[in-house]
Amino acid sequence: MGAAGCSRPAAGEGGTLNSPSQPQGNLLGSDETYAQVLIDRAARAVDRPFTYKIPSRLAERVAIGSRVLVPFGPQKLVGDVVGFTDQAPPAKLKSIIKLLDEQPLFGAEQLDLARWVAQRYCCSLREALRLVIPPGVSRSRFTTVTITDECQRVEPEQLSQTPRQSQVFDLLQATGGEEDLDNLVQRTQQTADSKLSRAAVLSAVRSLEEKGLVEKRRGLSRPTASRRTQQVARLCNDDIDWAQVIEELSAIAPRQAEVVRALIEADRPIPVAELSRSAVTALTNKGLVRVSEQRIQRIPHEPGLGNVDAEALPPTQAQDRILQHVYEAVQAHRYEALLLHGVTASGKTEVYLQAIEAVRAEGRSAIVLVPEIALTPQMVGRFRARFGDSLALLHSALSAGERYDEWERVQRGEADIVIGARSAIFAPCQELGIVVVDEEHEHAYKQESAPRYLATSVAAERARRSNAVLLMGSATPSLEAYYRASHEDGLSLMTLPERIDSRPLPPVEIIDLRTETLMGKGGSFSQMMLEAIADRLARGEQTILFLNRRGFSTFVMCRDCGYVLRCPNCAVSLTYHHGSRRMRCHHCDYSLPVPDLCPNCEGYEIGFYGLGTERVTDQIEREFAGATVARMDRDTVSRKGAYGDILRSFARGEADILVGTQMIAKGLDLANVTLVGVLNADVGLYTPDFRAAERTFQLVTQVAGRAGRAEKPGEVLVQTYNPDHYAIVTAQKHDYAAFYEQEIRARRHNLYPPFVELANLVFQDEDEESALNTARQAAVCLQDMGVFFKKGDVQFLGPAPAPLHKLRGRYRYQMLLKAADMERLNQTVRNLVEALADTGSTQVVCDVEPMDMM
């Protein structure tokens with residue numbers, strides 16, 4: 001099914017499928033035990049275990065999670081041991097060639113979790129296993145194509161080649177006579193006059209190989225991350241008169257004397273690289289110094305945002321009630337799921353800290369999930385002050401080596417608290433006691449590439465398997481979670497209805513842009529907004545300005561003919577970025593310089609329209625010349641550590657105003673912020689997504705919660721063209737209950753979650769007709785299976801063009817599947833994938849529990 005997002009394991013010659021009844025441990029006590037190996041290939045046809053003999057030399061070393069090299073047809077491929085059996089298939093078995101790693105990469109517990117992910121999210125087991133394997137250790141076979149030595153000595157006119165072969169050969173010569181096979185295929189396709197399939201290019205390579213003009217060489221790639229070591233020197237422990245040694249060496253070998261003196265003064269091993277290597281070698285030969293390998297621990301540098309309390313704070317009555325639930329469940333080793341609904345600044349983080357303290361007292365570990373990497377500096381600061389070096393970080397902003405070392409620290413039990421983004425839920429914690437999900441409502445917990453898991457659901461499953469506590473907190477819980485908690489459907493509702501010390505929630509003023517004249521340099525601010533910013537500057541207080549759009553202008557249009565510059569690969573307009581002076585697509589990163597003339601009518605009236613964070617920053621700097629303005633969006637945080645640098649600078653008062661997108665809307669606790677301005681609350685309000693109103697309410701409520709969190713009172717100003725929309729009205733009143741009651745009625749009427757389980761099927765292809773035909777074929781298959789349009793326990797909607805109809809050069813059609821429960825939804829998706837079989841060039845993406853309907 002071309003790179004399909006769904007796959008269903010199918011039995012085939014040469015392998016046996018695992019079943020739940022099969023043992024999950026090493027069975028090497030038996031004389032007739034065979035390893036079941038999952039090949040590291042994405043193809044559906046090999047997404048099942050294949051059975052191999054275990055050579056006697058490896059009998060004591062092969063275990064669940066062992067990475068091995070095995071023969072597979074004419075090739076040698078990498079695979080992972082996922083089980084053992086004493087039942088040999090009738091076919092003649094091949095043997096494992098070798099172990100690729102000293103230690104298994106995962107255990108039976110992680111394997112079972114990966115199987116659950118594959119089942120729930122309709123992905124391959126191979127894709128799911130990558131979630132539980134240590135970062136950076138993946139190794140794959142690669143093939144290079146090289147011009148042969150014999151061919152180098154032949155004159156070009158003597159080479160007999162077809163035009164296609166000549167094209168491939170010329171490209172090889174242009175790259176120095178050697179190229180990776182995949183790169184060669186891609187480059188040939190890019191330079192071809194007409195569209196070439198991968199098979200056609202591979203056929204040309206094969207023909208050149210048969211003629212002896214090129215040869216293929218296969219190898220195994222190196223891991224992108226591994227243990228890092230260094231040689232260190234230390235003095236031997238023999239009873240030696242070092243003063244005499246130094247005296248003797250000073251006369252005949254002064255450098256050796258310097259090394260001995262340095263080692264004595266340091267009283268610890270010193271890296272050989274910091275000493276004279278020749279002197280160290282000489283001293284080693286004399287038996288005075290010994291050299292050994294020492295591991296270098298790559299520790300992420302993630303300082304907090306300022307002074308934080310190292311001691312636990314006395315819990316409020318409401319906090320104590322929640323903690324008692326946690327304590328009882330932890331002591332009983334009982335799974336319990338709690339939804340902590342607390343208003344902003346109500347002390348949810350302190351509950352997390354004290355709950356984890358109780359878990360650690362029982363000798364168990366904790367995972368803390370945060371939705372945005374931007375939240376880790378502040379969270380890490382508070383956790384590190386309380387728990388010291390027991391903390392490990394896991395998120396994508398770390399280097400591959402840092403993530404690898406942190407993962408191993410957790411695996412060895414040196415760190416019993418893990419903080420990170422969604423992938424941290426797969427950390428190899430021992431004796432897991434609690435999983436905390438901060439800002440539970442955030443759609444950032446959804447992985448938008450295969451495997452498309454929802455981290456909150458995985459967190460619940462992992463906590464259940466570990467008899468641990470699941471503690472999910474939010475000021476604006478997702479409707480699905482709040483509905484379940486309200487109906488006691490496997491989730492208990494806990495509340496923190498007030499801010500700490502009974503501080504008031506900030507008043508929210510709605511500014512109706514329909515009746516306002518926008519002011520300032522560029523006309524983006526109401527008079528009230530400008531006056532409020534000026535007032536904070538005069539008082540030495542800070543302001544946060546929120547706009548959920550990055551860039552300078554959201555589109556560029558010709559005033560003469562109305563032509564809008566659009567991305568040729570995606571169905572969206574290009575956004576102007578003033579810093580780089582280029583138009584850029586935020587989906588595929590296509591860019592081009594701003595044209596001097598309209599590409600359509602060749603007119604000169606090119607205009608910049610719409611508002612982005614870059615433009616807001618420019619306008620604020622021109623309006624308030626003495627103010628220091630910081631900006632936080634995806635463009636400004638692309639550099640490693642930029643998240644923390646910007647937030648620490650703002651926390652120290654080095655900037656008066658912080659302009660940002662949704663990454664500043666939650667979690668930040670900054671005492672001097674007394675004004676929050678929402679420049680356009682309508683962004684996203686009318687997108688074709690059933691969660692549009694919910695996200696608007698959540699964003700406005702969350703960003704409003706950044707104001708007045710300490711002694712100084714706060715104020716929130718919200719600019720909108722829709723002041724009467726219930727999402728805006730209820731956010732103004734900080735009234736989650738009222739929003740929930742109105743939104744849940746709409747969900748029930750239209751049959752959306754939490755009243756059904758949902759899957760979004762997207763059919764995408766460079767050829768629009770092919771994508772549409774495959775989608776129509778899927779609709780027919782569903783009807784043949786007894787699944788009908790908008791009726792029954794399982795039903796579908798569509799197919800229809802996706803709201804983002806073209807993305808990265810592919811046309812997209814989508815269908816929605818709705819089912820009364822997850823089991824029926826999963827079964828329907830698997831049956832559909834099986835029925836569709838081969839979809840040719842059309843890619844089918846299956847997204848269970850979708851968070852993005854675009």
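Located above this text is the structure these notes cover.
Worth saying up front: this structure is predicted, and the values here are computed from it rather than measured.

## Looking at the overall build of the protein chain
Scanning the protein chain from N- to C-terminus turns up 23 helices and 34 strands. Scaling as 2.2 N^0.38, a compact globule of 854 residues should have a C-alpha radius of gyration of about 29 Å, and the protein chain matches this with 31 Å. Taken along the three principal axes of its C-alpha coordinates, the protein chain extends 80 × 80 × 65 Å. Taking all 854 residues of the protein chain together, the buried fraction comes to 53%. Per element, the accessible surface of the protein chain, about 37700 Å² overall, is 46% carbon and sulfur.

## Here we look at the pairing of strand E28 (residues 673-678)
Among the six residues in E28, six count as buried, and that is most of the element. Bridge count between strand E20 (residues 542-546) and E28: five bridges; the pairing is parallel. The partner of Phe 546 across the bridge, within E28, is Val 678. In terms of strand pairing, E28 meets strand E29 (residues 715-720) through four bridges, oriented parallel.

## Concerning unusual backbone geometry
Following Ala 450, the chain continues to Pro 451 via a peptide bond in cis, the omega torsion being -5 degrees. With an omega dihedral of 5 degrees, the bond running from Gly 798 to Pro 799 counts as a cis peptide bond. If you trace the backbone, Pro 799 turns up in strand E32 (residues 794-807). Positive phi, close to 50 degrees, is recorded for His 333, a residue that is not glycine. The backbone of Glu 602 shows a phi angle near 60 degrees, a positive value even though the residue is not glycine.

## Some words on the packing of helix H1 (residues 108-120) against helix H14 (residues 455-465)
Interaxial distance between H1 and H14 falls to 11 Å at its minimum, and their mutual angle equals 140 degrees. Here H1 is positioned oblique relative to H14, judged by the angle of their axes. The crossing of H1 and H14 is right-handed. Contact with H1, carried on its side by Glu 109, Asp 112, Leu 113, Trp 116, Val 117 and Arg 120, involves Ser 457, Val 458, Glu 461, Arg 462 and Arg 465 of H14 and no other residues of that element.

## Examining the pattern of salt bridges
Following the criterion strictly, the structure yields 45 salt bridges and no others. A salt bridge links Arg 536 to Glu 541, with the shortest nitrogen-to-oxygen separation between them at 4.0 Å. A residue is classified by how much of its surface remains accessible, and Glu 541, at 9% relative accessible area, is buried. Between Asp 618 and Arg 622 there is a salt bridge, and its shortest N-O distance comes to 3.1 Å. Here the residue Asp 618 and the residue Arg 622 both occupy positions in helix H17 (residues 613-623), the gap between them amounting to four residues, near one helical turn. Overall, the relative accessible area of 46% leaves Arg 622 in the partly exposed class. Here the salt bridges share partners, and the residues they tie into one network are Arg 227, Arg 295, Arg 298, Asp 405, Glu 408, Arg 412 and Glu 414.

## Quick notes on the pairing of strand E17 (residues 469-474)
Among the six residues in E17, six count as buried, and that is most of the element. The two faces of E17 match: Val 469, Leu 471 and Gly 473 on one face and Leu 470, Met 472 and Ser 474 on the other face are all buried. Inspection of the sheet shows strand E12 (residues 336-342) paired to E17 by six bridges, in the parallel sense. When the bridges of E17 are listed, Leu 338 appears paired with Leu 471. For strand E16 (residues 432-438) and E17, the ladder comprises five bridges, and the chain directions are parallel. Each residue of the ladder has a partner; that of Val 436, found in E17, is Leu 471.

## Considering a negative patch on the surface
A grouping of Asp 239, Asp 241, Glu 247 and Glu 248 is seen on the molecular surface, where their side chains present a negatively charged patch. As for its placement among the helices and strands, Asp 241 is situated in the loop between strand E9 (228-235) and helix H7 (242-252). Taking the relative accessible area as the measure of exposure, Asp 241 reaches 45% and is therefore partly exposed.

## Things to note about the packing of helix H4 (residues 163-174) against helix H6 (residues 198-210)
Between H4 and H6, whose axes approach to 9 Å, the crossing angle comes to 85 degrees. As judged from the angle between their axes, H4 and H6 are roughly perpendicular. Residues Arg 164, Gln 165, Val 168 and Phe 169 of H4 form the contact with H6, whose own contacting residues are Ala 200, Val 201, Ala 204, Val 205, Ser 207 and Leu 208. Of the residues belonging to the contact of H4 with H6, the class tally is seven nonpolar, two polar and one charged.

## Points about the sheet that holds strand E15 (residues 417-420)
With parallel pairing, the seven strands of this open sheet are ordered in space as E14-E15-E13-E16-E17-E12-E18. Edge positions in the open sheet fall to strand E14 (391-394) and strand E18 (492-496), since each of these has one partner strand only. Adjacent strand axes in the sheet meet at a mean angle of 20 degrees when their direction is disregarded. Docked against the sheet, helix H13 (residues 400-411) engages E14 and E15, running at close to 140 degrees with respect to E14.

## Looking at the environment of Ser 56
As for its position among the elements, Ser 56 is in the loop between strand E2 (49-53) and strand E3 (67-72). For the pair formed by Ser 56 and Thr 162, sequence separation is 106 residues and the distance between their alpha carbons is 50 Å.

## Some words on the environment of Pro 315
Tracing the backbone shows Pro 315 in the loop between strand E11 (289-296) and helix H10 (317-331). Using a relative accessible area of 35% as the deciding quantity, one classes Pro 315 as partly exposed. In this structure, the C-alpha to C-alpha distance between Pro 315 and Ile 500, residues 185 residues apart in sequence, is 9.9 Å. Excluding anything up to four places from it in sequence, Pro 315 contacts Asp 320, Leu 323 and Gln 354.

Thresholds, definitions, all that
Residues numbered from 1 in each chain as written. Predicted model: local features only at pLDDT ≥ 70, side-chain atom pairs only at ≥ 80, totals over all residues. Heavy atoms only, no water. Helix = DSSP H or I, 4+ residues; strand = E, 2+ residues; numbered from the N terminus. Rg over C-alpha atoms; globule rule 2.2 N^0.38 Å. Buried < 20%, exposed > 50% of the residue type's maximum accessible area, 1.4 Å probe, protein only. Areas by Shrake-Rupley, 256 points an atom, 1.4 Å probe, with all protein chains shown as cover. Pairing = 2+ DSSP bridges. Axes fitted to C-alpha atoms, helices over the stretch in contact; angles between N-to-C directions. Parallel < 35°, antiparallel > 145°, perpendicular 65-115°, else oblique. Left-handed = near helix turned anticlockwise from the far one by under 90°. Contact = heavy atoms within 4.5 Å. Salt bridge = Lys/Arg side-chain N within 4 Å of Asp/Glu carboxyl O. Patch = residues over 30% accessible without salt bridge, like charges linked within 9 Å, V, L, I, M, F, W, Y side chains within 5 Å. Lys, Arg positive; Asp, Glu negative; His and termini not counted. Charge placed at Lys NZ, Arg CZ, Asp CG, Glu CD. Nonpolar A, V, L, I, M, F, W, Y, C, P; charged D, E, K, R; others polar.

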